[in-house]
Every structure is written in structure tokens, then in C-alpha cells.
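Architecture and fold: a report
Each chain, letter by letter, is given below.
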Amino acid sequence: MSNTDPVSGYQTYDQPPRPDRSVRNQTTARRTALVICTIADVAAGLLGLWILLYLLDANSANPFVEFVHGTADWLAGWAQDIFTMDTEGLRVVLNYGLPAVIYLLIGHGIAARLNRT
């Protein structure tokens, strides 16, 4: 009864070394963090773009302006009319700016947490 198996934990020469799972997990976490940051940045960018278009009095009949406004309304739907100001421009800045800042904080916070692991 001879045992030719090496002791566990030692590398054998006839088998390729196992891939390091921690490196693969770290790469996956970084890619996921990058995707989350990108989504948060795009959402905040669209909200900021709508604020800019509104303040510059862009043509609301333009398809691009309609798209940006519709997307910004959808992204900031949960925060609509938190602030009710008499000045319309200030109301738009606050009601769309707050969600933009929150998306950035949450998105980059989650990404930082993923990159730490």
C-alpha cells in the first residue's frame, strides 16, 4: 500500500498551479465598482444637464431636451417637490440637484467599499 499523492498544500509538478481566487475576486470587485461609479456619474450628469438646459431656457420642443427632461424626471421622481420655492430656477436646481448629489455619494461610497475588499 503505497501512497503516491503528495501531502495536501504542496504543489505537484505534473499539475498546473491553481489560479489565485483572491486576485480574480479583487478584479471582479473593481470592475463592479467601476460600473457602479459609471452609472452614478451618468445619472448625476443627466440631472445636471437638465438643470443647465432649464437655466439656459433651452427649447423644450427639441427631442434631445425632451429626452433629457424625461430622464431627469424619472431619476428625480422620488425627490420632486421636496423644495417649493417661488423662484422656479431655484426650485429646479434644488429638486434635481439633491438627487444628483445623493446618487454620487451613494454610488461612489459603494464603489469605495467594494474596492477596499
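What you see is a predicted model, and the numbers here were worked out from it, not measured in a lab. (Residues numbered from 1 in each chain as written. Predicted model: local features only at pLDDT ≥ 70, side-chain atom pairs only at ≥ 80, totals over all residues. Heavy atoms only, no water.)

**Some points on the overall build of the chain**
What counts, and what does not: Secondary structure elements are taken from DSSP: a helix is a run of H or I of four residues or more, a strand is a run of E of two residues or more, and numbering for both begins at the N terminus. Throughout this description, buried means an accessible area under 20% of the type-specific maximum (1.4 Å probe, protein chains only), exposed means over 50%, and partly exposed covers the range between. Any two residues whose heavy atoms approach within 4.5 Å at even a single point are treated as in contact. Under the convention used here, a 1.4 Å probe and the Shrake-Rupley method define accessible areas, while residue burial counts only the protein chains that appear.
The helix and strand inventory of the chain stands at three helices and zero strands. Per-residue burial for the chain yields a buried fraction of 24% across its 117 residues. Nonlocal contacts in the chain, meaning residues at least 24 apart in sequence, comprise 60% of its contacts between residues at least 6 apart. A total accessible area of about 8800 Å² is found for the chain, and carbon and sulfur atoms account for 61% of it.

**Brief notes about unusual backbone geometry**
The phi angle at aspartate 57 is positive, at roughly 55°, despite the residue not being glycine. Locating aspartate 57 in the fold gives a position in the loop between helix 1 (21-55) and helix 2 (63-75).

**Observations concerning helix 3 (residues 88-116)**
As a reminder, the rule being used: Here the expected length of a helix is defined as 1.5 Å per residue gap, with one fewer gap than residues. The angle separating two fitted axes, one through the seven residues that finish at a residue and one through the seven that start at it, defines the bend at that residue.
In this model helix 3 runs 42 Å from its N-terminal to its C-terminal C-alpha over 29 residues, within 8% of the 42 Å that 1.5 Å per residue would give. Along helix 3, the sharpest change in direction is near 25° and occurs at glycine 97; proline proline 99 comes one to four residues later.

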